[in-house]
Amino acid sequence: MRSSSPLPRMSRRGRVTIAVLVGVFALFTLLGWGVQAWTDWLWFDEVNYTEVFTGVLVTRLLLFLVIGLAMAVVVGGNLWLAYRLRPRLRPHSVEQATLERYRMALTPRLGTWIAVVAAIVGLFAGLSAQSRWNQWLLFRNGGDFGVKDPEFGVDVGFYVFQLPFWRYLLGVGFTAVVLAVVGALAVHYIFGGVRLQGVGDRMTNAARAHLSTLVAVFVALKAIAYVLDRRAMLLEYNEGAKLYGAGYADVNALLPAKEILAYISVVVAVAIIIFSNAWMRNLVWPGISLALLGVSAVAIGGIYPWAVQTFEVKPSAKEKEAPYIQRSIDATRTAYGLATTKTTPYAANNLTPPASLATDTSVVPNVRLLDPQLVSETYTQLQQVRGFYDFGPKLDIDRYGVNGKTSDYVVGVREINYGELTDQQNTWINRHTVYTHGYGVVAAPANQVVCGGQPFFVSGFLGERTQEACSSQTEQIPATQPRIYYGERMGDDDYAIVGQTDPNNKAEFDRPVGEGGGESYTYTGTGGVEIGSFTRRLLYAIKEQESNFLLSGAVNDNSKLLYVRNPRDRVEKVAPFLTLDGDPYPAVVDGRVQWVVDGYTTAATYPYAERVNLREETTDELTGRGTFQLARENVNYIRNSVKATVDAYDGTVRLYEFDENDPVLKAWNKAFGGDLVLPKKDIPAELAEHFRYPADLFKVQRNLLTKFHVTNPGDFYSAQDFWQVPNVPDAPDSGQKQPPYYLFTQFPGQEGPRFQLTSAVTPNGRQNLAALISGSYVDGEPRLEVLELPDQTRISGPVQVHQQMTNNGDIRERLNVLSVGGQAQVQYGNLLSLPFADGMLYVEPVYVKSNNQDAYPLLQRVLVSYGDGGSFVALANNLDEGIKQLVEQGKRGGQGTPPPQTGGTNPPPQTGGTPPPAGDNNPPLNGELAAAAERVQTAIGEVRAAQASGDFERYGRALKALDEAMSAFQQAQGKVTPAAGTPTGSPAPGGSPAPGGSGPPPSPSTSPPAGG
């Protein structure tokens, strides 16, 4: 029979064409990698963190080479060995005749084919290995935790530092053996070592020895896997207890089963070699051995643990799982920093507003009224000055000492928003060389409003202040260098080119001055990569794919390139091992603006600790609104180990050690030379004063405390005392969780006011208040505290309180008046839950935003409540007035006199002394009362006129005049004696009934003027 011809060979021209295409592809790929590596090196050199660049790069290269080469050698070596073991003589058969053409094509260049296959396998293995650089660095540099696991007595450091890399290496071993078996089997088949047809043995002795040895190695690796699986069981989910960590059935059935299976695997591996090669020299008994291993794995490792779980554990799970539940509780509280949480019972049995509310100096004066999310629009409209400035969708809360008094401030940074440049402004020159920076940190006291509900700005001014009542006349938080070259509003493409050869040629727009004018500036900081040389310009022209680096005259010998300008991105680049908090915040420290970024060290292999997903645990109403969403990272250990700062002017990055006892941070610091992170003692005192409890860490801890505040395993199993985080009070149906909020206040048991992050929680499935959780720093150390209310408390939770306050008949009517018939929006700020005098004080600011274009929210009223949330409620012009109303209600024992009820709707009051229609029981407006009503109507007209004009100064004066007129009307109203049998009170100006005993009547329109 004629054999088939060999495969046709490619022509010389075809080979040359393919070689050229491959060369061009490789050239551009290597050029891209080279440019990226070179520019990265220049950037790391700028920030003085080259040890991170070289450390990560060298580690990745070594892993790529070592693992890739090892995989290539194993696979290629077995392919070569299979060829060497081919039979010299092959029986004649149709099968062998068919394979002959493949042998003829492969044999002349078999070494090349093996090398290509091995190289491809090694390439993919190396690419996979280089991504494990972090596991290798921890494996090499990790130490002990000083805590031993409760089952084997092994230090937790083994699980965090060693186990992940061992499991990866084991996976590499399995992959190498499987590929070697598949490849060797294919070579043996092609070259006749394995046959499917013909007489005699289906496999030569050499092929059998080779393949059986590889199978034995695989089984031996399986024995090692069983040993590691015993340790890894402490990380698995226990379905019986609904917790992580080995449970009763795991410890008493599955652990012994895996040990037995490990021994069986060793015996099977030896049996495969002996039966296949040294004794019977066939595959029957090796096959039986593998089958027995499979049956043992199912019976011992599957059926037996299932039987124990089903027939022994489930009928008495509470008792059987109790010791293992306790392990999970203890491990979780340790791994997440919950072990030192201080829990204090709080009776909250006082339901009547005490008189001390009106004279308090520790809680009430510090109540934060400005909501950083709502007033961001207000900051933008009042302090923007130019359309390209922006404060972001959410501001930040910080505290400063001004005039000897420390209080919290709402802080915003006036940054450049490149997305708001006009078409004329948005040229390459303007975008990258003119509009290079923002200017100023704008701050306002969080508990103060002026001029009809505006914040009282005390810093960040661009020029002269003309409205004395609306802003401070001096910089109370001065910044000697207020320019913002690095900020949160800057994206990956928002690089800046700064620096001039001519000192008189100041190309950068600095800040607006006067009517439409502006000052210019030239950057003098140390930040940026020098790009004055032709080589550097060419390099960055390739990187940014922008020819203007070479052609534009704006790039000169003194030019520097500022890029990676987002503070969070800068810290992430110099410390890639950290998980960063989603809410960086600015602080003025020693006259310079510093961005503070909280860095977390995490792990996912802490035995018995609860595993959570960071994105799911930290998502709430504010996520994505001025905060960054965290990655979907599963962790079961977290520490706020690093406080990082980024200078807003020169981009200097500093990493400060904050947790001196974190083994994970110590391992990372050791991996990068030992001085990557500055010691805690080097933290400047003025900077430390601005540290705040990080929001994302607090959310994770708060969510865990809703369950793990229960430390008794029996109670934990029954889950009767679990809590939950309430939804947003003013939008509970949205499903979004209420964010925690920063307050400068004093809780019961605290020596004085603290800047703390707080959150209310409710019982699981109910809406009443269960506890208040707070996080703060005491003497530089984090402290979690829980004020726990009794189980059957009458105190309402945030959602209930908001509903009770806004559904109150009198208050609902007055809130509807604020909306001006749908022409304005009523918006609610943070609902604050404040423990006071063995009761609960609730405060919720009420903002009004006109529907007109460019309108912004203004604080117009304050909702306050005390006790159970519904008995004592007030809606007032300001907090002091609301507190007074609560105290008065407390003295009377209720909410005050209800509005008049006459069996019908009260008509609007008549002006000019005209009496109301006949038959109306309300007293006529005459004399002093008529004059007061006329004054109110005049004031209302002025408010509306000021609103239409867009003049904020006039609007503020008009509101003040309206308040005075309404107070005068209330006084005159009190002097009128109603007819016999008629309820006390009269209709308020504008047609709204006056709330009896609860302050002046509301304004019919307090929406802000449009524009700015």
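Anything mentioned here points back to the structure above.
The text that follows walks through the structure, step by step, so that each part is easy to find. (Residues numbered from 1 in each chain as written. Predicted model: local features only at pLDDT ≥ 70, side-chain atom pairs only at ≥ 80, totals over all residues. Heavy atoms only, no water.)

## Some remarks on the state of the cysteines
Working step 1: Tallying each qualifying case throughout the model produces one disulfide.
Working step 2: Paired by a disulfide, Cys451 and Cys470 hold their sulfur atoms 1.8 Å apart. Looking along the S-S bond of the Cys451-Cys470 disulfide, the torsion reads about -105°, which is the left-handed sense. With Cys451 in the loop between β10 (449-450) and β11 (454-455) and Cys470 in the loop between β11 and β12 (483-484), the pair connects residues that are 19 residues apart, well separated along the chain. (Disulfide = S-S within 2.5 Å. Helix = DSSP H or I, 4+ residues; strand = E, 2+ residues; numbered from the N terminus.)

## Some points on the sheet that holds strand β9 (residues 441-445)
Working step 1: With respect to topology, three strands assemble into an open sheet ordered β5-β6-β9, the strand pairing being antiparallel. A strand with exactly one partner marks an edge of an open sheet, and here the two such strands are β5 (396-402) and β9. Neighbour-to-neighbour, the strand axes of this sheet turn through a mean angle of 45°, independent of strand direction.
Working step 2: As defined by bridge partners, strand β6 (residues 405-413) adjoins β9 across five bridges and the pair is classed as antiparallel. Bridge pairing in β9 links Gly412 to Val442. (Pairing = 2+ DSSP bridges. Axes fitted to C-alpha atoms, helices over the stretch in contact; angles between N-to-C directions.)

## Some details on the sheet that holds strand β13 (residues 496-498)
Working step 1: What the three strands build is an open sheet, ordered β13-β17-β16; its pairing is antiparallel. Strand pairing shows two members of the sheet lacking a second neighbour, β13 and β16 (529-530), which therefore form its edges.
Working step 2: As judged from the two bridges shared by β16 and strand β17 (residues 560-562), these two strands associate in the antiparallel manner. Across the sheet, residue Glu530 finds its bridge partner in β17, namely Lys560.

## Description of the pairing of strand β23 (residues 637-647)
Working step 1: Most of β23 sits out of view: eleven of its eleven residues are buried.
Working step 2: Alignment of strand β20 (residues 592-603) against β23, held across nine bridges, turns out to be antiparallel. Paired with Thr601 across the strands is Arg639, a residue of β23.
Working step 3: Looking at chain direction, β23 and strand β24 (residues 653-657) are connected through five bridges and run antiparallel. By the bridge assignment for β24, Val642 is matched with Glu657.
Working step 4: Hairpin geometry of β23 and β24 is characterised by an intervening segment of five residues between the two adjacent antiparallel strands and by a positive phi of about 75° at Gly651. (Buried < 20%, exposed > 50% of the residue type's maximum accessible area, 1.4 Å probe, protein only.)

## Notes on the packing of aromatic side chains
Working step 1: Across all of its chains, the model carries 42 aromatic pairs by this definition.
Working step 2: Aromatic side chains Phe577 and Phe672 sit 5.8 Å apart centroid to centroid with 25° between the ring planes, which places their arrangement in the stacked category. In this pair, Phe577 sits in the loop between α16 (567-574) and β18 (579-580) while Phe672 sits in the loop between α18 (663-671) and α19 (685-688), placing the two residues 95 residues apart along the sequence.
Working step 3: Its relative accessible area of 4% is what places Phe672 among the buried residues.
Working step 4: Every member of this aromatic cluster is reached through a ring pair, and the members are Trp136, Phe139, Phe165, Trp166 and Tyr168. (Phe/Tyr/Trp six-rings, centres within 6.5 Å; stacked < 30°, edge-to-face > 60°.)

## Quick look at the environment of Ala644
Working step 1: In this fold, Ala644 is placed in strand β23.
Working step 2: Linking Ala644 and Val571, residues 73 residues apart in sequence, is a C-alpha distance of 7.0 Å.
Working step 3: Ignoring sequence-local partners within four residues, the contact set of Ala644 consists of Val571, Trp595, Val596, Val597, Arg654 and Leu655. (Contact = heavy atoms within 4.5 Å.)

## Considering a nonpolar patch on the surface
Working step 1: A contiguous nonpolar patch, built from Leu31, Phe534, Leu538, Ile542, Leu550 and Leu551 and spanning about 560 Å² of accessible area, is present on the exposed surface.
Working step 2: Listing elements by their share of the nonpolar patch, those giving two or more residues are α14 (534-544) and α15 (548-551).
Working step 3: Per-element accounting of the nonpolar patch gives the leading share, three residues, to α14.
Working step 4: One can find Leu551 in helix α15.
Working step 5: On the basis of relative accessibility, which here comes to 67%, the residue Leu551 falls in the exposed class. (Patch = residues over 30% accessible without salt bridge, like charges linked within 9 Å, V, L, I, M, F, W, Y side chains within 5 Å. Areas by Shrake-Rupley, 256 points an atom, 1.4 Å probe, with all protein chains shown as cover. Salt bridge = Lys/Arg side-chain N within 4 Å of Asp/Glu carboxyl O.)

## Let's talk about the pattern of salt bridges
Working step 1: Counted according to the given criterion, the structure contains 31 salt bridges.
Working step 2: A salt bridge links Asp510 to Arg483, with the shortest nitrogen-to-oxygen separation between them at 2.8 Å. A residue pair is termed long-range when its members are at least 10 positions apart, and Asp510 in strand β14 (residues 508-513) and Arg483 in strand β12 qualify at 27 residues.
Working step 3: Taking relative accessible area as the criterion, Asp510 reaches 1% and is therefore assigned buried.
Working step 4: For Lys891, the salt bridge is made with Glu888, and the minimal N-O distance between the two is 3.8 Å. With Lys891 and Glu888 both in helix α24 (residues 879-892) and three residues apart, this pair spans about one turn of that helix.
Working step 5: We classify Lys891 as exposed; its relative accessible area is 62%.
Working step 6: Each of the salt bridges in this network shares a partner with another, and the network as a whole consists of Lys394, Asp396, Asp583 and Arg692.

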